[in-house]
Protein chains: 2
Amino acid sequence: MPHRVRRLALVGIGLIGSSIARGARAWGLADEIVVQSRRAETVATAERLKLGDRYTTSAAEAAADADLVIVSVPVGACGAIAREIGPALKPGATVSDVGSVKLSVIRQMQPHLPESAHFVPAHPVAGTEYSGPEAGFAELFAGRYCILTPPEGANAEAVERVKAFWETLGSNVEIMAPDHHDLVLAITSHVPHLIAYNIVGTVAHLEEVTQSEVMKFAAGGFRDFTRIAASDPTMWRDVFLNNREAVLEMLGRFTEDLTALQRAIRFGDGDALFELFTRTRAIRRGIIEAGQETAAPDFGRPHGSESA
Amino acid sequence: MPHRVRRLALVGIGLIGSSIARGARAWGLADEIVVQSRRAETVATAERLKLGDRYTTSAAEAAADADLVIVSVPVGACGAIAREIGPALKPGATVSDVGSVKLSVIRQMQPHLPESAHFVPAHPVAGTEYSGPEAGFAELFAGRYCILTPPEGANAEAVERVKAFWETLGSNVEIMAPDHHDLVLAITSHVPHLIAYNIVGTVAHLEEVTQSEVMKFAAGGFRDFTRIAASDPTMWRDVFLNNREAVLEMLGRFTEDLTALQRAIRFGDGDALFELFTRTRAIRRGIIEAGQETAAPDFGRPHGSESA
């Protein structure tokens, strides 16, 4: 039986915030849900979708008297939100977030939060390429991991409550140090997004190959990259600006390896290519066995008549 | 009403060959299908799957008296197959292939084929990450493009027959010069595979991040890359060895762009990042509109209870 929150405030109501709202409703995680977005239009959409019980464009208003505040905004905006909600928080309130970077979020938010509030940073490793309140769904976090990076001396009960909250949404919760989180996510998420954005960008300004050719023959492999390169631009700009060191470090590894591979191609070293291409199969099997990927061919994309 | 082939010989019966076999059967494209693989075990599997009417380990035997021979082997093996089948071909026979590289295949095969045979190289831009005769299915080519690269002076009727064959399998057929094909596929298929193999390889030998962490948090983006990095190692080794110039050229563009992006991150140029990340969304929309990709979030992967 999960702990039920009396008042849940969702600051930011995009893909992640709206999925939390739907999940919290579906699994009875809160008596009352207050939904906030700084844009009136987004608030109106959230209201139309019945994502909450109360709606506001003011983060401070949303946070006032809330037991749990979850900030789901691009990581570059976390500091400003913390400054806004800090003075409004009631004693004993728990504040969490969903940012893909943790050291920077902690540095931005913590100074603005009162001693009497409990800060438990979180990162649900889940998402789709779509953005906004209409893109969310209650099952987004089911079977996915949610990483908590509580600062030293964090209130154990607050950590437990945030953990139980995410477990009820279907997530597996892991506790991690923020700097290690940022390194792990740099290679499992940030660099993959960067190289996906990059190759889609490369394709966009080729002269020898037309856009029409790219569209037609994308099934050869390219289309797999375009999904994550369609992710929210503001969110991802902020990720790269706020996890610079870890991203540059992991990117350095990637390009070093790519240079070696380029050399193997140039000198016709088929054995080196074959050896790498064989080794990489095992990693996918591991991800499928960890329940983090479908075993269906082609991601289970429709084929044949259904795909028309 | 498609032209029905009297005898169709399938030399090589992996993912592609077996999908052709199934499609040819389903849509009545041949009176008789002869299936060949150099491995007796694979021939036995094909027979168990009832992929053909006759089975052999000899490419020459398969090609003898065939009206249409389709060679579906790794591109590095095309020359040896052509040498083997050349003397066995009957006058007027059409020979085609499915290789992902075209200039090299033409150079390897054409010298061994008799003047009396018609050579119409083809490349169906379709596949999955699975290999072997059991992985094939009749709808693999439906809605996908198949590129023909007939040499100058190719027999127009033979080209028309191969075109009709692929159209009956559900493909959109395009005619292209072989060198242009190799350049287009270098960026839409070969370089994407290379960077997918590369990042999966980078992850495999990190010390700071454990394999278990990679598996757990792969949903952050990494898992999208592992699909194409699980593709057949022999096929892909041969692609890179046989399309070296175009791959190196396109890889050069990719790394040049990546260096600029790295610089933007290092110097905190958020506008440059945002501009690129916004531009790349349009490409995915184009691919979806061209019918080459699903619009379902996350490739339509199962979420929630179904995904367990």
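This is a predicted model, so every value here is computed, not measured. (Residues numbered from 1 in each chain as written. Chains lettered and ligands numbered in written order. Predicted model: local features only at pLDDT ≥ 70, side-chain atom pairs only at ≥ 80, totals over all residues.)

Description of unusual backbone geometry
Right, on to step 1. One non-glycine residue, K50(B), lies in the positive phi region at around 55°.
Right, on to step 2. Its place among the elements puts K50(B) in the loop between helix 2 (40–48) and strand 3 (54–56). (Helix = DSSP H or I, 4+ residues; strand = E, 2+ residues; numbered from the N terminus.)

Things to note about the pairing of strand 5 (residues 94–97) of chain B
Residues and elements named next belong to chain B.
Right, on to step 1. Here strand 5 shows two buried faces, one formed by T94 and S96 and the other by V95 and D97.
Right, on to step 2. Relative to strand 5, strand 4 (residues 68–71) is paired through four bridges, and the arrangement is parallel. Looking at strand 5, one finds that L68 is bridged to T94.
Right, on to step 3. Examined bridge by bridge, strand 5 and strand 6 (residues 118–119) share two bridges and lie parallel to one another. When the bridges of strand 6 are listed, T94 appears paired with H118. (Buried ≥ 20, exposed ≤ 12 C-beta atoms within 10 Å, placed from the backbone. Pairing = 2+ DSSP bridges.)

What to know about helix 6 (residues 156–168) of chain B
All names here are of chain B.
Right, on to step 1. The first and last C-alpha atoms of helix 6 sit 18 Å apart over 13 residues, in line with the 18 Å expected at 1.5 Å per residue.
Right, on to step 2. Among the residues of helix 6, those classed as buried are A158, V162, F165 and W166. Along the axis of helix 6, the buried positions cluster into a sector of 90°, meaning they face one direction only. Every exposed residue of helix 6 that faces more than 90 degrees away from the buried side is listed here: A156, E157 and E160.
Right, on to step 3. Buried residues belonging to helix 6 abut strand 5, strand 6, strand 7 (122–124), strand 8 (145–148) and strand 9 (172–175). (Expected span 1.5 Å × (residues − 1). Arc of directions from axis to C-beta. Contact = placed C-beta atoms within 7 Å.)

Details of the interface of chain A and chain B
Bring the parts together and some accessible area is lost; that lost area is often taken as the interface size.
Right, on to step 1. Across the contact, 102 residues belong to chain A and 102 residues belong to chain B.
Right, on to step 2. Broken down by secondary-structure element, the contributors of at least two residues to the side of chain A that touches chain B are helix 7 (178–204), helix 8 (211–216), helix 9 (222–228), helix 10 (233–242), helix 11 (244–266) and helix 12 (270–289) of chain A.
Right, on to step 3. Here the element with the most residues in the side of chain A that touches chain B is helix 7 of chain A; it accounts for 19 residues.
Right, on to step 4. Of the residues assigned to the side of chain A that touches chain B, the class counts are 53 nonpolar, 29 polar and 20 charged. (Nonpolar A, V, L, I, M, F, W, Y, C, P; charged D, E, K, R; others polar.)

With respect to the domain arrangement of chain A
Residues and elements named next belong to chain A.
Right, on to step 1. When the domains of chain A are assigned, the result is domain 1 (5–176) and domain 2 (180–295).
Right, on to step 2. Domain 1 and domain 2 are separated by 30 Å when their C-alpha centres are compared.
Right, on to step 3. Tallying the contact residues gives 15 residues for domain 1 and 18 residues for domain 2.
Right, on to step 4. Across the side of domain 1 that touches domain 2, the residue classes tally to six nonpolar, seven polar and two charged. (Domains from an automatic or database assignment.)

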